[in-house]
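Here are the chains, one letter per residue:
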Amino acid sequence: MPTPVRRPWPHRRTVRPVPEAGPLVAMIGGGQADRTGREHLFRRLHEAGIRVLAVDRSAPAAWQRPYLAGHKWVPGMTAATLSQVVAAHPEPVNGVICWEDRHFAAAAAVADRLRLPGFGRTAATASRDRAVTRTLLESSGCTVPRSALAVDLAEAEEAARTLGYPVVLKPRLKTTGFPARLAEDHGRLITGFAATAGAASATLGGRRGVLVEQRLDGQEIVAICLTTGGVTQLVSIVRTMVEFTPSAADLGHLVDAADPLLDDQTIRHAANVSLRALGVQDGASQVSMRLTPAGPCVMAVNAGLHDLVTRLVYLATGADLATAETMIACGAPLTVTPQRHHRVAAVTYLSAPAPGKVSRLELGAQLSDHVGRAAWLERLVLDVAPGSAVDPSPDGHTARIGLAVVTGRNRRECHERLDRLRRALKVTVVAVDGSTPPAMSVSGSR
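Residues numbered from 1 in each chain as written. Predicted model: local features only at pLDDT ≥ 70, side-chain atom pairs only at ≥ 80, totals over all residues. Heavy atoms only, no water.

Engineer: Give a detailed account of the sheet that holds strand 17 (residues 389–390), specifying residues and quantitative values.
Structural biologist: One open sheet accounts for 3 strands, arranged 17-15-19; its pairing is antiparallel. Looking at strand neighbours, the two that pair on one side only are strand 17 and strand 19 (425–430), the edges of this open sheet. Inspection of the sheet shows strand 15 (residues 356–363) paired to strand 17 by 2 bridges, in the antiparallel sense. When the bridges of strand 17 are listed, G356 appears paired with V390. (Pairing = 2+ DSSP bridges. Helix = DSSP H or I, 4+ residues; strand = E, 2+ residues; numbered from the N terminus.)

Now the structure itself:
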């Protein structure tokens, strides 16, 4: 049996020297970020000649140091403290960037205080609060799901009766690890509301509540946008797969350089109106939509970029979003131009079939010969080995055990390659009660 595979990403391990000094940007947070999803972003900035000053309360990870021009320690990640530290740096900082959701609002406030281009503090704060986002979108004429904010179970029950089952329950504040939950009946509403409200209560502060939302059918997409001076350009479309079991599990994402949705004017209009509604000034955004029979319905607006999605966009279109976003933060005009060639990239997340202990991990011969050599297998990461414990994550799902990234000339070829992984990769887990569920296979986003 082959051992779990880790391929370096990007494939070159060495950091090439930059010939001349470029702009200096302050990066807020991210000192202990995961190398798997983040290193390619640092590499893109480094190779573009952009110097990064890390500003965080934790020291940068060892792998980050070759990409940094320096590090500033701060005692607390407040806007006032961060602004003071950045302003006191001997060399003037040209821009402020942030790749951490939890620090994005603070980073936007730092840019505002230092009179540098930025997302806008109000927009960054509003994008994290689902209730505020929904109010702003509705007032601007965006099509959004019908919903109600419930601060207790009685209000949630009333909202569900009005909207009709099934309904989706979401914490008011977007917080990593607290996904949406599906309530198909009153019993699931009770348990789902308790889990959603309880899990998020520690992070909400004075903004209590759970958003009770109608369940919509249709393809879920994310419009990746770049904005300069309030003017937005749609750069890429990400097709995503989400499964409720009973909470939302992100199964994967796919980017097609020639996606016909890029020419859909209703999607472009919805993205532009959404970002104007929040008051986005400069930076990158992700506008989540559901493609319903009546047209696109805006589900959420997320500030900044997602690590793996950024990589998929680069693999499929050649668009360097990390550098483009950073140069916008430095006041440069938008220069990214995605290519409309036949190229598709997809990431699929791997999870164990049940909690327990991994008894067998098998990588079939038809795949093992390709690992490390196949250009289409951009990355395969397995975080478990025989004997590893697999525990449920806080959101109720069995923890992810890895991911795979593939590329192809079209979506069909990508899916065929994901099917190849599905046939070859098997993980068997012995459950707590001693039973052996069926072996896991890779799930792909279609």
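Engineer: Could you give an account of the pairing of strand 15, naming the residues involved and the relevant values?
Structural biologist: Here 6 bridges tie strand 15 to strand 19, and the two strands are oriented antiparallel to one another. The residue of strand 19 that forms the bridge with V358 is V429.

Engineer: Tell me about the packing of aromatic side chains, and please be specific about residues and values.
Structural biologist: Counted by the stated rule, this structure contains 4 aromatic pairs. Here F42 and W99 contribute two aromatic rings whose centre-to-centre distance is 5.3 Å and whose plane-to-plane angle is 85 degrees, an arrangement assigned as edge-to-face. Taken together, the positions of F42 in helix 1 (residues 35–47) and W99 in the loop between strand 4 (95–97) and helix 3 (101–113) put the pair 57 residues apart, joining distant regions of the chain. Assigned by exposure class, F42 and W99 land together as buried. Taken together, F42, W63, Y67 and W99 form an aromatic cluster joined through their ring pairs. (Phe/Tyr/Trp six-rings, centres within 6.5 Å; stacked < 30°, edge-to-face > 60°. Buried < 20%, exposed > 50% of the residue type's maximum accessible area, 1.4 Å probe, protein only.)

Engineer: Could you give me a rundown of the nonpolar core, with the residues and numbers involved?
Structural biologist: If you look at the biggest cluster of nonpolar residues, it comprises 47 residues, and the most contacted ones within it are V55 and M289. The element contributing the most residues to this core is helix 8 (residues 265–278), with 7 residues. Non-local contacts of M289, meaning those with residues more than four positions away in its chain, are made with Q219, E220, I221, A223, I267, A270, A271, P296, C297, V298 and M299. Listed in part, the 24 residues of the second largest apolar core include V235, A324, V336 and L403. (Core = buried A, V, L, I, M, F, W, Y, C linked by side-chain atoms within 4.5 Å. Contact = heavy atoms within 4.5 Å.)

Engineer: Requested: an account of the packing of helix 1 against helix 9 (residues 307–317), with residues and values cited.
Structural biologist: It is at 8 Å that the axes of helix 1 and helix 9 come closest, and there the two elements cross at 55 degrees. Here helix 9 runs oblique to helix 1, going by the angle between their axes. Helix-helix and strand crossings are classified by hand; for helix 1 and helix 9 the assignment is left-handed. Judged by residue contacts, G37, R38, H40, L41 and R44 of helix 1 engage D307, T310, R311 and Y314 from helix 9. Tallied by class, residues from the contact of helix 1 with helix 9 come to 2 nonpolar, 3 polar and 4 charged. (Axes fitted to C-alpha atoms, helices over the stretch in contact; angles between N-to-C directions. Parallel < 35°, antiparallel > 145°, perpendicular 65-115°, else oblique. Left-handed = near helix turned anticlockwise from the far one by under 90°. Nonpolar A, V, L, I, M, F, W, Y, C, P; charged D, E, K, R; others polar.)

Engineer: Tell me what's going on with unusual backbone geometry, and back it up with residues and numbers.
Structural biologist: Geometrically, the link from Y165 to P166 is a cis peptide bond, its omega value of 0 degrees lying close to zero. Examined against the element boundaries, P166 turns out to sit in the loop between helix 6 (153–163) and strand 6 (167–171). Although it is not a glycine, R115 sits at a positive phi angle of roughly 60 degrees.

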